[in-house]
Every structure is written in C-alpha cells, then in structure tokens.
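Read off the chains here:
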Amino acid sequence: MKNLLQIFADQITKPFALCTFLILCLGRCFPLMSADSASTIQAKLIFSFGQKGEAPGQLSSPLGISTDPKGNIYVADTGNNRIQKFDGQGKLLAFIGGFGWDHEQFHRPVDICADNGLDVYVADHDNRRIEQYDKDLNWITSFVSDPTWPEKLQFGFPRSVSVSIHGDLFIVDSENKRILKLNSLRDPEVSFGDYDWGQGDLAEPVQAFISRTDKVHVTDSQLGLVLLFDYYGNYLSSCGEKVLSKPTGLCVSVDGYLFVADSELDQIVAFDPVGRPAMQIGSHGDKLGAFDRPSDVAVHQNRLFVADTDNHRVQVFELRLSGTP
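A quick note: this is a predicted structure, and the numbers were derived from the prediction, not measured.

Caption draft 1: Just the overall build of the protein chain, in detail. Secondary structure assignment for the protein chain yields two helices and 24 strands. The proportion of buried residues among the 325 residues of the protein chain is 52%. Within the protein chain, contacts between residues separated by at least 24 positions form 45% of all contacts whose residues are at least 6 apart in sequence. Here the protein chain displays about 15,400 Å² of accessible surface, and carbon together with sulfur accounts for 53% of that area.

Caption draft 2: Looking closely at the sheet that holds strand E3 (residues 73-77). Read across the open sheet, the four strands follow the order E2-E3-E4-E5; overall the sheet is antiparallel. For this open sheet the edge positions go to strand E2 (64-67) and strand E5 (92-97), each flanked by a neighbour on one side alone. Between one strand and the next, the sheet's axes are offset by a mean angle of 15°, whatever the strand orientation. Alignment of E2 against E3, held across four bridges, turns out to be antiparallel. Residue pairing for E3: Ile65 is matched across the bridge by Val75.

Caption draft 3: Expanded view of the environment of Leu93. Take Leu93: it is sitting in strand E5. In this structure Leu93 comes out as partly exposed when scored by relative accessible area, which is 43%. Sequence separation between Leu93 and Asp136 is 43 residues, and the spatial gap between their C-alpha atoms is 8.8 Å. Apart from residues no more than four positions distant in its own chain, Leu93 is found in contact with Asn72, Lys85, Phe86 and Asp87.

Caption draft 4: Representation of the packing of aromatic side chains within the structure. Counted under the stated rule, the structure contains 10 aromatic pairs. Seen from their ring centres, Phe49 and Phe86 are 4.8 Å apart, and the 50° between their planes marks the pair as tilted. Of the two residues, Phe49 sits in strand E1 (residues 40-49) while Phe86 sits in strand E4 (residues 82-86), which places them 37 residues apart along the sequence. There is no split in this pair, since Phe49 and Phe86 are both buried. On the numbers, 6.0 Å between centres and 55° between planes, the contact of Phe291 with Phe317 is tilted. Of this pair, Phe291 sits in the loop between strand E21 (277-281) and strand E22 (294-300) while Phe317 sits in strand E24 (residues 313-322), placing them 26 residues apart in sequence. With relative accessibility at 4%, the residue Phe317 sits in the buried group. Here the aromatic residues Phe192, Trp197, Phe229 and Tyr235 are joined through ring pairs into a cluster of three or more.

Caption draft 5: The arrangement of the pairing of strand E10 (residues 158-163) in detail. With six of six residues buried, E10 is to be regarded as a mostly interior element. With five bridges connecting them, E10 and strand E11 (residues 169-173) associate as antiparallel partners. When the sheet's bridge partners are listed, Val163 is paired in E11 with Leu169. Where E10 hands over to E11, the hairpin turn is made up of five residues, of which Gly167 adopts a positive phi near 90°.

Caption draft 6: Spatial organisation of the sheet that holds strand E14 (residues 205-210). Across the sheet, four strands lie side by side as E14-E15-E16-E17; this open sheet has antiparallel pairing. Every interior strand has two partners, whereas the edge strands, E14 and strand E17 (235-239), have only one. Between one strand axis and the next, the sheet turns through 25° on average, direction left out of account. Here five bridges tie strand E15 (residues 216-220) to strand E16 (residues 225-229), and the two strands are oriented antiparallel to one another. Looking at E16, one finds that Asp220 is bridged to Leu225.

Caption draft 7: Structural context of the pattern of salt bridges. With the rule as written, the count across this model stands at 13 salt bridges. The salt bridge partner of Glu175 is Arg128, with a shortest N-O separation of 3.4 Å. In this pair, Glu175 is assigned in the loop between E11 and strand E12 (178-182) and Arg128 in the loop between strand E7 (119-124) and strand E8 (129-134), connecting sequence segments 47 residues apart. Of the residues examined, Glu175 reaches a relative accessible area of 40% and is grouped as partly exposed. The network of salt bridges with common partners includes Lys152, Asp173, Arg178 and Asp194.

Caption draft 8: How the structure looks around unusual backbone geometry. Residues other than glycine seldom take positive phi values, yet Leu137 does so here, at roughly 70°. Counting through the fold element by element, Leu137 comes out in the loop between E8 and strand E9 (139-144). Of the residues examined, Leu137 reaches a relative accessible area of 2% and is grouped as buried. Residues other than glycine seldom take positive phi values, yet Lys177 does so here, at roughly 55°. Looking at the element boundaries, Lys177 is found in the loop between E11 and E12.

Rules used in this analysis
- Residues numbered from 1 in each chain as written.
- Predicted model: local features only at pLDDT ≥ 70, side-chain atom pairs only at ≥ 80, totals over all residues.
- Heavy atoms only, no water.
- Helix = DSSP H or I, 4+ residues; strand = E, 2+ residues; numbered from the N terminus.
- Buried < 20%, exposed > 50% of the residue type's maximum accessible area, 1.4 Å probe, protein only.
- Contact = heavy atoms within 4.5 Å.
- Areas by Shrake-Rupley, 256 points an atom, 1.4 Å probe, with all protein chains shown as cover.
- Pairing = 2+ DSSP bridges.
- Axes fitted to C-alpha atoms, helices over the stretch in contact; angles between N-to-C directions.
- Phe/Tyr/Trp six-rings, centres within 6.5 Å; stacked < 30°, edge-to-face > 60°.
- Salt bridge = Lys/Arg side-chain N within 4 Å of Asp/Glu carboxyl O.

What follows is the structure, given as structure tokens:
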C-alpha cells in the first residue's frame, strides 16, 4: 500500500486531485465549520460614563444614543431635555438644550441619529418635530408635519428618526403607529406599518434603523419583535420571537449584526445576519455590566455603546466575534 508521501508524489501534477488531497488531510486536524454554524459575540465591559444630575456631562434618563464615523457619541439626555456630545472615551465635547420650544431647546428628546457624520437629527417628541443640527450641534432646521400633506403622510409624535445612506429620513410616528419616509428634499413619500397595512402591521413601534443594505429594521415593544421591511415599506420578515420581550433601541453594524436593547429583560441581544441569536448580555442591577431599563444601543467598529436609562449612564463594551455567520 502506498504511503501518504507516495500518493502526494503521484498526484502533484494533477491540481484538482492535489487540492482534494490537501483538504482531506487538513480536515483531520481542522474540522470545517458547516454552513449553518452560528457565530457568537463576546462582549467585555471597558468603562462607563455619566451619572444622575443636571451638570454638563451628567445624565438623566437618557433614551437615545448614536455614534458618528469618528466614534463620537451623541446622547439624547431626555430627563434634562438636552443633547450631549462626547468623544469615544466619554469626555464631554458639546451640549445644547433645556426645556422649551426654541431651536436649541427640547420637550422630551427621545432619539438621535448622527450616522452620516455631518448632520445630527433629533426626535423632539412632545414638540412634534425633528430637529436638524450640524456635527457641532449648531441648529440647521426643523421638520414638522405639514397640514397640506395627505393624511397618511403626516406624523404626530415622533418616537425615532433614522437617516439612510441616500439621505432619506425615516420617522417612527408613535401616535399613528407607523413609519413615515421623507426623501432627501424632505417631501413625504410613503408611510407603512399602520393598522390597515396588512402583513407587517405595527402595534407599538419604538425605533427604526436603516441598514447599509437599505433594509428598515423596526422594534415593536408590544409584539416583542424586530420587524424587517424593504426600502419601500414592504414587509420581509421578523426576528426575536421567544428571545425578546420589550425591545426598544436597535442598530445594525457594518457587517450586518443586529443589536437590540430590551428594556424589560434588562439585556442587550445581538442577532447574526440571518437572524440567529449571537449574544445576550446583562441582568437587572446598578453594578457595571448590569442594566436598569436599557433603551438604546450604538456600535462603532468593535465597540458597543448602551444607553442605560434608569442608571443614568452610558456603558461601553468591546466586542469580539467568534465563529462564521
């Protein structure tokens, strides 16, 4: 019987056979991962910043968080009716706000989006408007529902705002329980997900996030699901059944992983690009690594930022991926 070296010599002039031979041999030492093997994410707490208070840098019930391409962190400091900008280490860079109706005042800001690195959009809930600022928090303009728009294309109390890579805005209208899309000229184009939408109708939408692949992800705290729509509002699928309880904030990383804050479970849950659970971290409490009603999440590179609402802080984790999605 030929030994392995002789077989190798016999087959070396046959490229396909050689590849097959090497794969079979290497497979004895390094088992190949099957196509349906799930990946997992490990999260390690790095630091936290913020504490309850009204002074600059302190927080009161933050509900929204977002990062820009440079890693700066923008927080909707809801209880203080202001917006605060921090660097990647939690150092305060700028802030605006205070209770009111003026351009740099808010009445319960609940969500923030700074994804494109140029603009910062704020869902100013009780003022029934979306506020736009530049990256340094200088006011640019306001968007309110125009009574001349068709009724189906108006919004009441905005619960969330997200901007696509094309510059279109998607607003979660908590009053009418639907999603409204405004194009780059800020004209309304379509609304979807309300009671007569059919498959994919929303019960209590909380937040929306538009991925780089133009998929619209929406958390529904009553259904306990994340619903997925295409760019035009057609329902595609959902995830989180029997995993999520009351999902609120969410984001999608550049490699397609979905991160969800569950305010009832006091956990952050991640799903891989095909919707399988890849991570669950957290428990109820005030110690580092625990949460008390986490409301929103943001991811920049390998870092996860969590708005830990009732602990009045932001917690920062380092992410590490293992396995193959």
